[in-house]
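Now for the letters of each chain:
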Amino acid sequence: MATSPTISDLPLVSRSSGNSRRSQGLLTDISSLFLSHAVCTRSFMRPNAAKAFIRVWKVIEVCLQILAQGKRVTQRELFYMLLCDSPDYFSCQLQVNKTIQDVVALLRCSRYSLGIMASSRGVVVGRLKLQEPGKDPVDCSGCGSSGFGISGDLDLVDGLIMTTDARYILLVEKHAVFQRLAEDRIFNQIPSIIITAKGYPDIATRNPAGLAILCTFKYGSLGMGLEAYRYACNVKWLGLRGDDLPFIPEEALLPLKPRDFQVAKSLTSSKTIQDEFRQELEIMLQSGKRAEIEALYIHGYDFLSKYLANKIVKGGYI
């Protein structure tokens, strides 16, 4: 209620695209996104920013309670806690997600250190054995098409003892495609581990949203702010590309929607993606069509595994 509050502005590292840079891998092939030092503010003194200012303190308050109890919550659970505690400030999940990133940018920390963990969405199958301390090992090659669920608790994941003879990790978006590859036991043809996150845009599909998520794996997500670099890894594009179109009947090609054009044009103008990715996008934009990997089923349901195994052996990825 003071006319001049002790803290009236919160300096946050800006997550705008103009404040992002791409680091080049030196000792490894991994490049990642990072944010430079430009800041934005959440101000208590500006009417249009006052609620966002207060949301930051509300999230910090709840996170303090969580950590004091030695607990961890998902972002969804945190939303309901804040909705019940402060309904005037939190009305949707997006407000909570953005405020969490504000807190991360303010405190220069990770979400996990705030007591916030990812929800358990990931599933794994293939040539991997996992063992929690004091428990029997789990052979992921025997988990069937449903796979083995990956915990969102990083402490639990870090404590796992992992053994594998795999040479490749296949990242698949669509759960149905994951199940197909698991049923075909592609990991017996190519020593591999298959992972899906169930519902993210398809990296094994020739569409612009799929390429956007591939770039998220490869460089990290700008939306993750200061945490982006932590999750970058040197992924390759294995799925459908321009050279594969002869496998796809013309009838199976889908017209690009306005949103597809928007995403593709945004990616082509980005300084982040590599030239080979940009060339594929330009082919897609010129044709005005996209192909989904399920279109390969026209050649039989076992064709997909053979197609991917062949591309891996021949190094047909970029």
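The rules we used
Residues numbered from 1 in each chain as written. Predicted model: local features only at pLDDT ≥ 70, side-chain atom pairs only at ≥ 80, totals over all residues. Heavy atoms only, no water. UniProt positions renumbered as here; feature names shortened; annotations may be inferred. Helix = DSSP H or I, 4+ residues; strand = E, 2+ residues; numbered from the N terminus. Buried < 20%, exposed > 50% of the residue type's maximum accessible area, 1.4 Å probe, protein only. Contact = heavy atoms within 4.5 Å. Areas by Shrake-Rupley, 256 points an atom, 1.4 Å probe, with all protein chains shown as cover. Arc of directions from axis to C-beta. Pairing = 2+ DSSP bridges. Axes fitted to C-alpha atoms, helices over the stretch in contact; angles between N-to-C directions. Parallel < 35°, antiparallel > 145°, perpendicular 65-115°, else oblique. Nonpolar A, V, L, I, M, F, W, Y, C, P; charged D, E, K, R; others polar. Salt bridge = Lys/Arg side-chain N within 4 Å of Asp/Glu carboxyl O.

- Per an unreviewed UniProt entry, the recorded name for the chain is DNA topoisomerase (ATP-hydrolyzing), and the organism is Kalanchoe fedtschenkoi.
- Comment text from UniProt for the chain, heading Catalytic activity (unreviewed entry), reads "ATP-dependent breakage, passage and rejoining of double-stranded DNA."
- UniProt, in the comment section headed Cofactor (unreviewed entry), describes the chain in these words: "Mg(2+)".

Digging into the overall build of the chain
(1) Moving on: When you go through the chain residue by residue, the secondary structure sums to 10 helices and 15 strands.
(2) Moving on: Looking at the 318 residues of the chain, the share that counts as buried comes to 42%.
(3) Moving on: Long-range pairs, those at least 24 residues apart, make up 70% of the contacts in the chain between residues at least 6 apart in sequence.
(4) Moving on: Counting every atom, the chain has about 17000 Å² of accessible surface; 55% of that belongs to carbon and sulfur.

Points about helix α5 (residues 175-183)
(1) Moving on: Within α5, burial applies to Val177, Phe178, Leu181 and Ala182. Down the axis of α5, the smallest arc covering the buried residues is 140°, so these residues share one side.
(2) Moving on: Contacts made by the buried residues of α5 are with β7 (123-126), β12 (168-172), α6 (186-189), β13 (192-196) and α10 (303-313).
(3) Moving on: Where α5 terminates, the next one or two residues include Arg185, which has phi positive at roughly 50°.

A closer look at the sheet that holds strand β11 (residues 161-163)
One key point about sheets: their strands pair by backbone hydrogen bonds, in either a parallel or an antiparallel sense.
(1) Moving on: In spatial order, the strands read β9-β8-β11; together these 3 strands make up an open sheet with antiparallel pairing. A strand with exactly one partner marks an edge of an open sheet, and here the two such strands are β9 (138-139) and β11.
(2) Moving on: Judged from the 2 bridges that link them, strand β8 (residues 129-131) and β9 form a sheet pairing that is antiparallel. The residue bridging Leu130 from the neighbouring strand is Val138, located in β9.

Some remarks on the environment of Gly115
(1) Moving on: Within the secondary structure layout, Gly115 lies in the loop between α3 (93-107) and β6 (116-117).
(2) Moving on: A sequence separation of 52 residues divides Gly115 from Cys63, and the C-alpha atoms of the two residues are 6.3 Å apart.
(3) Moving on: Setting aside its immediate chain neighbours within four residues, Gly115 contacts Ile66, Leu67, Lys71, Arg72 and Val73.

What to know about the packing of α5 against α10
(1) Moving on: Following both chains from N to C, one finds α5 and α10 inclined at 85°, their axes separated by 9 Å at the closest point. Considering their axes alone, α5 and α10 lie roughly perpendicular with respect to each other. Here Val177, Arg180 and Leu181 of α5 lie close against α10, whose contacting residues are Leu304, Ser305 and Leu308.
(2) Moving on: Broken down by class, the residue content of the contact of α5 with α10 amounts to 4 nonpolar, 1 polar and 1 charged.

Section: unusual backbone geometry
Trans peptide bonds make up most of the peptide bonds, and negative phi angles are found at most residues other than glycine.
(1) Moving on: Of note, Arg108 is a non-glycine position whose phi angle comes to about 55°, a positive value.
(2) Moving on: Its location among the elements puts Arg108 in the loop between α3 and β6.
(3) Moving on: Look at Arg185: it is not a glycine, yet its phi comes out positive at around 50°.

Overview of the pattern of salt bridges
Pairing of side chains with opposite charge becomes possible as their charged atoms draw close.
(1) Moving on: Here the structure, examined in full by the defined rule, presents 13 salt bridges.
(2) Moving on: With a shortest N-O distance of 3.0 Å, Lys174 and Glu294 are connected by a salt bridge. Here Lys174 is found in the loop between β12 and α5, whereas its partner Glu294 is found in the loop between β15 (289-290) and α10, with 120 residues between them in sequence.
(3) Moving on: It is possible to trace a salt-bridge network through shared partners that takes in Lys174, Asp260, Arg290, Glu292 and Glu294.

Focus on the sheet that holds strand β10 (residues 148-149)
(1) Moving on: Strands sit in the order β10-β7-β13-β12 across an open sheet of 4 strands; the sheet is mixed. Looking along the sheet, the strands with just one partner apiece sit at the ends: β10 and β12.

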